[in-house]
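Descriptive analysis of the structure
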Amino acid sequence: MGVIRVLPPSVVNQIAAGEVVERPASVVKEMMENAIDAGARRLEVSVERGGKDLIRIADDGQGIGAEDLILAFQPHATSKLESAEDLHRVRTLGFRGEALAAIAEISKVRCQTRRADADEGSEILIEGGVAGPIKSCGCPPGTVMEVRNLFFNTPVRRTFLKSDSTEAGHVAETFSRIALAHPEVHMTFRSAGKIVHDLPAVAGVRERIATFFGRELAESLLWVEGKLDQVGLWGYVGHPSQSRSSTKGQYLFLAGRYVRDRSLSHALNEAYRGLLMVGRNPVAFLNLEIPPEEVDVNVHPTKIEVRFRDPQRIYSHLLSTLRQTFLSSDLHSRLQPVPGGGRPVEASPSPSPSYPPATVWSPGGPSVAVPNPSRPEPSYGLESEFADRQAVASWFEPSRPRAEPPHIPDSVGQVQPPEWSRSLPGKFEFAEAGSFDEFTRPSEGAEPLATQAVPPLLPAAEPTRAASRVAAEPVLHSKAIQVHDSYLIAETSEGMMVIDQHALHERILYEELRKRVAEGRVESQGLLVPEPVHMAADEAATLLEHAGLLAELGLEVEGFGGDTVLVRGTPVMLSQLQPERLVRDLAEHLATQPLPPTRDGLVAELLHMVSCKAAVKAGQKLNADEIDALLARRELAADAHHCPHGRPTALIFTKSELEKQFGRI
Amino acid sequence: MRALCNREGLLTAFNMVSGVVPTRSPKPILQNVKLTVDDEEGSVLMGTDLEVGIRHRVLGVKVEAAGSAILPTAKIGPILRTSGDQDLLLETTEEHLLVKGARSSFKLPLEDPSLYPEVPDFAADRYHVILSGNLKKLIRRTVFATDLESARYALGGVLVELRPDGVSMIGTDGRRLAKMSAEAQSENDPPAPSGTPVIPVKALKLIERNLVDDDLLVHLTIQSGAAVLVRTEGAVIYSRLVEGRFPRYQDVFPTSVETRVPMTVGPLRLAVEQASIVTSDESRGVDFQFGPGALVLSSQAADVGSAQVDLPLDYQGKPVDITFDPRYLLDALKTLDDDAEITAELIDAKNAAVFKTPDDYTYVVMPLTRER
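Attention here is on the structure that accompanies the text.

About the thresholds
- Residues numbered from 1 in each chain as written.
- Chains lettered and ligands numbered in written order.
- Predicted model: local features only at pLDDT ≥ 70, side-chain atom pairs only at ≥ 80, totals over all residues.
- Heavy atoms only, no water.
- Helix = DSSP H or I, 4+ residues; strand = E, 2+ residues; numbered from the N terminus.
- Buried < 20%, exposed > 50% of the residue type's maximum accessible area, 1.4 Å probe, protein only.
- Contact = heavy atoms within 4.5 Å.
- Pairing = 2+ DSSP bridges.
- Axes fitted to C-alpha atoms, helices over the stretch in contact; angles between N-to-C directions.
- Buried area = accessible area lost by both parts, 1.4 Å probe.
- Salt bridge = Lys/Arg side-chain N within 4 Å of Asp/Glu carboxyl O.
- Polar contact = N/O pair within 3.5 Å; in protein donor to acceptor, adjacent residues only side chain to side chain.
- Nonpolar A, V, L, I, M, F, W, Y, C, P; charged D, E, K, R; others polar.
- Expected span 1.5 Å × (residues − 1).
- Core = buried A, V, L, I, M, F, W, Y, C linked by side-chain atoms within 4.5 Å.
- Patch = residues over 30% accessible without salt bridge, like charges linked within 9 Å, V, L, I, M, F, W, Y side chains within 5 Å.
- Areas by Shrake-Rupley, 256 points an atom, 1.4 Å probe, with all protein chains shown as cover.
- Arc of directions from axis to C-beta.
- Phe/Tyr/Trp six-rings, centres within 6.5 Å; stacked < 30°, edge-to-face > 60°.
- Lys NZ or Arg CZ within 6 Å of the ring centre and 35° of its normal.
- Parallel < 35°, antiparallel > 145°, perpendicular 65-115°, else oblique.
- Left-handed = near helix turned anticlockwise from the far one by under 90°.
- Disulfide = S-S within 2.5 Å.

Moving on, we come to the overall build of chain A. Each helix and strand in chain A was counted, giving 22 helices and 26 strands. Per-residue burial for chain A yields a buried fraction of 54% across its 665 residues. Restricting to contacts in chain A with at least 6 residues of sequence separation, those with at least 24 account for 71%.

Put into structure tokens, the structure is as follows:
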């Protein structure tokens, strides 16, 4: 008698459930995605005991017809797919037709649904995969799914569940991922009878970020946008002052779906190289738009992992877009308000007399060029200069980690087109900004406060004022003093700046060296006697893998068998380092990098070593001329606001912050 | 001990000896010098840091009571320099060291001379004899090429090779190598030293300072592979050898030569000095284009500028382009006479270049390579 048998459908479903439904949060994810695929504008999620007892998802989507209802709970039954070719152009969140069947197999599901054009709704009850009769019922258009007693017939699974609060936390995380991906849907989340989140539909995701992660983070976000061929990228990334110890603050959405991708995560970290301290991870909320045929989402039942047809292109696109943004941004660290001091003044609802809110903090963000009629602004009479203003805005906007003016109510009911971000063609094309020479320099981070002072939308009456501010900059640093032989304090038009002399000098040297390397004048001093260096075998192998790259940087190495590497030449600019140490450090760096480092990464590593050694140290007295020279050259460095190790080079205290600290306002 | 010392004579010796004396030492007695006065054997001032030691003869001492005294370096130096007296009386009492001039006298703390470590004397009877001027050349032309930092090799000193009829010294830092050979006579057939005797830079500089008169003879011996002793007219210098391996320097010399370019040291040095003006720490290279009739040196550094220097040459061979760190060349050229001949032996831009002079000096430099 044969021992191989075909499993009954219920076992198949339970096995599938094991893949798709790991915990209550998985049910929430599948059901919420179904609702969104059904075109819901409102979505309510409630869970009891972390979803173990009850998960209730109610939406106002298109609903299910009575004749489809029984089919919807069959495995591999779906309305989202017709043929195998469709698999490669999936635009809906789900498509496998597995989830409902799997969920129904391991819980007690009640589904009430009504299509908008139907007279009455229909209701079905399924317990452990056994469907009851379809009954008619009264209900609003849309679908209500109730999943009770999850895993009631798979006790093993049930024991694997964590505590109620832990499971509720997972559900909340799932909820927030979907809520961030679909800000245009009104979502409500209840746990144990209490409303946790009530999120009205909004145009931008910033409001939702503020809800989930706090206003401080939301206010520090930088807008990112770039389009290359058919790969679109937009969203927010955190100011370097906002970082996390894990990658949990990174949300990557692909066509409205939360995904995780190691290489894109690496690209993100790479973009922040030198801006964050080692071991810190950036915060990001990024949407990726890729033609469906360029990406395979059918890798895993939960679709959290995807495969790109051309991962390298997407990697470099992400990296270059972020770098462009940072180059044009103000990345200075701001003084964090003292405890209890409230938010920084710029976020304050009461504008200080010296800053007319309409000019200094004109509301905007990405919505600037799509003015909302409910927000009167002085810029409205200037339609003729619209193009110019738009270009100015395009240059300044990303440089302002700016708060939404809190006196403007949350845009409840003002549902703007969800595609708002792309309604501004070429809005962030950085190339065109080059024509605005007058503003180019300040916005490179040279004089960030002045940059902030120039309103993004410049009313016609203001240009003279703006011009005078720009012209006034060069003298701003003239009053710098040195304290503790380590820090420089400079007055700026908006307050004052405390600068770490070592970090700044290091940064400047680093930039200068990098420029030189970019010019390709890297010299290598040959060694008369090649120097063998012993190291761990894997380090040696990694090092030799990159021998070609290292040779470009002037370090000539070759294998000497096993764990020994022969150094034949060293870079002249590192001649003060012992070849052995240099090679060891590099090998260690290469071996511990999670992904193959780029040439830039290696260059950066080498240059860090040099610039750190060459820079003035803390505790070194500088005379007035040296201070002036250092501050003058500050403008030359592209990222003057952070030293190569990612520590900030300068802290900014705005005048209004000082005034606030002294209780003047 | 009681002796009337000629101030000049004592100061001369003191200046030589005090250079060895450490200013700070876990063994405080080393911060002093030791004076031994004896009519028969002569009076000697000695100092040591246990690595390097020197015994210097003191002239003009009238010994009244033979003996030894420990002189505190920090006090004796100023006394000798500021005193106007021709002679000073040095005397040890039960408790003090007295230094008396005509109108001044000093009472200094006394220490037990027997506690001062023995500074080895030149005891060998089998040694090399070399002309003082030649030893000076050997040292000056090699000591600059050493590398005090190297962890791998004993490059913090100069390798000595002794042959029955000559002495060679070799210094290298792994990027350039200097080798100088000179004639010498061997006395009583000294044995070839075992291993690779490397004399530390500090000792070499001390020896060089003691080589006052070029025409005098100097005795040199390697003592049981662990120390070197040099006897000049006025002093005996002892030094421990640098421990560690010296690279097989013979392998460094290229086995073939493509072109030989004869030049004169003086004009070459000036040309290199000029071309190196516009180099920076990070961009050091000077391009040497050896062509028929001329050497063209050109350099350029990112924010420094660029330079071109032409040096007419009596050379008709094939052109060779090579880049050097000019400081490496200048180091060597500075030790040579301006009117001396120097020949460059070149292969190509990647291989080591060799410079030779008729007086047996060889200087090997690795070129710089540059991504172009």
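With that settled, consider the overall build of chain B. Counting its secondary structure elements, chain B contains 6 helices and 27 strands. The burial tally for chain B puts 54% of its 372 residues in the buried class. Excluding contacts between residues fewer than 6 apart, the proportion of contacts in chain B whose partners are at least 24 apart in sequence is 68%.

All names here are of chain B. Ordered by their spatial adjacency, 5 strands build an open sheet running β5-β1-β7-β8-β9, and the pairing between neighbours is antiparallel. At either end of the open sheet lies a strand with only one pairing partner, and these are β5 (61-65) and β9 (105-109). When the angles between neighbouring strand axes are averaged without regard to direction, this sheet yields 15°. Bridge count between strand β1 (residues 2-6) and β5: 4 bridges; the pairing is antiparallel. Paired with L4 across the strands is K62, a residue of β5. Contacts between helix α1 (residues 7-18) and the sheet are confined to β1 and β7 (87-92), with β1 contributing the most and set at about 85° to the helix. Helix α2 (residues 73-82) contacts β7, β8 (96-100) and β9 of the sheet and is inclined by roughly 170° relative to β9.

Moving on: the interface of chain B and chain A. Every contact between the two is made by 32 residues of chain B and, on the other side, 24 residues of chain A. Together chain B and chain A conceal approximately 2,400 Å² of surface at their shared face, both sides included; 49% is due to carbon and sulfur atoms. There are 0 salt bridges connecting chain B and chain A. In this assembly, chain B and chain A are joined by 7 residue pairs in polar contact (both at pLDDT 80 or more). Where the side of chain B that touches chain A is concerned, the elements lending two or more residues are β13 (176-183) and β27 (368-370) of chain B. Residue contributions to the side of chain B that touches chain A peak at 3 residues, all from β27(B). Residues of the side of chain B that touches chain A, tallied by class, amount to 12 nonpolar, 8 polar and 12 charged. In the sheet, strand β23 (residues 523-534) of chain A pairs with β27(B) via 3 bridges, with the strands oriented antiparallel. Of the residues in β27(B), the one forming a bridge with S524(A) is T369(B).

What follows concerns the pairing of strand β7 (residues 142-148) of chain A. Residue and element names in this part refer to chain A. Counting buried residues along β7, 6 of its 7 residues qualify, which places the element largely inside the surrounding structure. Bridge analysis of strand β2 (residues 54-59) against β7 gives 6 bridges, and the strand direction is antiparallel. Paired with I55 across the bridge in β7 is V147.

Hydrogen bonds between backbone atoms are what pair the strands of a sheet, whose relative direction is either parallel or antiparallel. Residues and elements named next belong to chain A. With mixed pairing, 5 strands are arranged side by side in an open sheet as β10-β11-β16-β13-β14. Bordering the open sheet on either side are β10 (222-228) and β14 (257-259), each of which pairs with just one other strand. Each strand of the sheet is rotated relative to its neighbour by a mean of 20°, with strand direction disregarded. Relative to strand β16 (residues 284-289), strand β11 (residues 231-237) is paired through 6 bridges, and the arrangement is antiparallel. Counted as the bridge partner of W234 is N287 from β16. On top of the sheet, helix α6 (residues 164-181) reaches β13 (250-254), β14 and β16; it is set at about 55° to β13, its chief contact. The strands touched by helix α9 (residues 262-271) are β13 and β16; relative to β13, the strand with the most contacts, the crossing angle is about 130°.

This part takes up unusual backbone geometry. All names here are of chain A. Of note, the phi angle at R49 is positive, near 50°, even though the residue is not glycine. Note that R49 resides in the loop between β1 (42-48) and β2. A relative accessible area of 40% means that R49 is categorised as partly exposed. Phi angles above zero are rare outside glycine, and F151 is one such case at about 65°. Considering the arrangement of structural elements, one finds F151 in the loop between β7 and α5 (155-160).

All names here are of chain A. The end-to-end C-alpha distance of helix α2 (residues 24-37), which contains 14 residues, comes to 20 Å, matching closely the 20 Å that a straight helix rising 1.5 Å per residue would cover. Counting buried residues along α2, 12 of its 14 residues qualify, which places the element largely inside the surrounding structure. Every buried residue of α2 is accounted for by P24, A25, S26, V27, V28, K29, E30, M31, M32, E33, A35 and I36. Remark: G39 follows α2 within two positions and exhibits a positive phi of approximately 80°.

This next bit is on the nonpolar core. Residue and element names in this part refer to chain B. Counting residues in hydrophobic clusters, the biggest one holds 93 residues, and the most contacted among them are L135, M263, F288, F290, L297 and F355. For this core, the element with the most residues is α1, which contributes 6 residues. The residues contacting F355, other than those within four sequence positions of it, are M263, F324, L329, I342, T343, A344, Y361, T362, Y363 and V365.

Moving on: a nonpolar patch on the surface. On the surface, L7(A), V11(A), V12(A) and I15(A) cluster together into a nonpolar patch covering about 300 Å² of accessible area. Mapped onto the secondary structure, L7(A) falls in the segment before α1 (9-20).

Further remarks concern helix α17 (residues 537-545) of chain A. Since the α-helix packs 3.6 residues into each turn, any two residues three or four apart lie on the same face. All names here are of chain A. Buried within α17 we find E539, A540, T542 and L543. The buried residues of α17 all sit within an arc of 165° when viewed along its axis, so they share a single face. Exposed side chains of α17 directed beyond 90 degrees from the buried face belong to A537, D538 and E545.

As a further point, take the pairing of β13(A). Residues and elements named next belong to chain A. Along β13, 5 of the 5 residues are buried, which leaves the element largely enclosed by surrounding structure. Burial of the side chains of β13 extends over both faces: Q250, L252 and L254 are buried on one face and Y251 and F253 on the other. Pairing between β13 and β16: 5 bridges, direction parallel. Looking at the pairing, Q250 lines up with A284 of β16. The pairing of β13 with β14 spans 3 bridges and is antiparallel.

A few words now on the side chain of T172(B). Of note, T172(B) is situated in strand β12 (residues 166-172). Of note is the side chain of T172(B), whose polar atom sits 3.0 Å from the backbone nitrogen of G174(B). Excluding its chain neighbours within four sequence positions, the residues that come into contact with T172(B) are L528(A), A145(B), T146(B), D147(B), L155(B), L177(B), F246(B) and P247(B).

To continue, consider the packing of aromatic side chains. One pass over the structure, following the stated rule, counts 17 aromatic pairs over all chains. Judged by centre distance (6.2 Å) and plane angle (80°), the ring pair of Y249(B) and F253(B) falls under edge-to-face. A residue is classified by how much of its surface remains accessible, and Y249(B), at 3% relative accessible area, is buried. What makes F253(B) partly exposed here is its relative accessible area of 23%. One aromatic cluster is present, built from ring pairs that chain together F175(A), F189(A), F212(A), F213(A), Y251(A), F253(A), Y258(A) and F285(A). We note R231(B) situated over the ring of Y127(B); from NZ or CZ to the ring centre the distance is 5.7 Å.

A word on the packing of α2(A) against α6(A). Residues and elements named next belong to chain A. The interhelical angle for the contact between α2 and α6, taken along N-to-C directions, is 25°, at an axis separation of 8 Å. In terms of orientation, α2 and α6 fall into the roughly parallel class. Two packed elements cross with a definite hand, and for α2 against α6 that hand is right-handed. On α6, the residues that touch P24, A25, V28, K29, M32, E33 and I36 of α2 are E167, H170, V171, T174, F175 and I178.

One pass over the structure, following the stated rule, counts 0 disulfides over all chains. Looking at the unpaired C111(A), the closest cysteine sulfur is the one in C139(A), lying at 8.8 Å.

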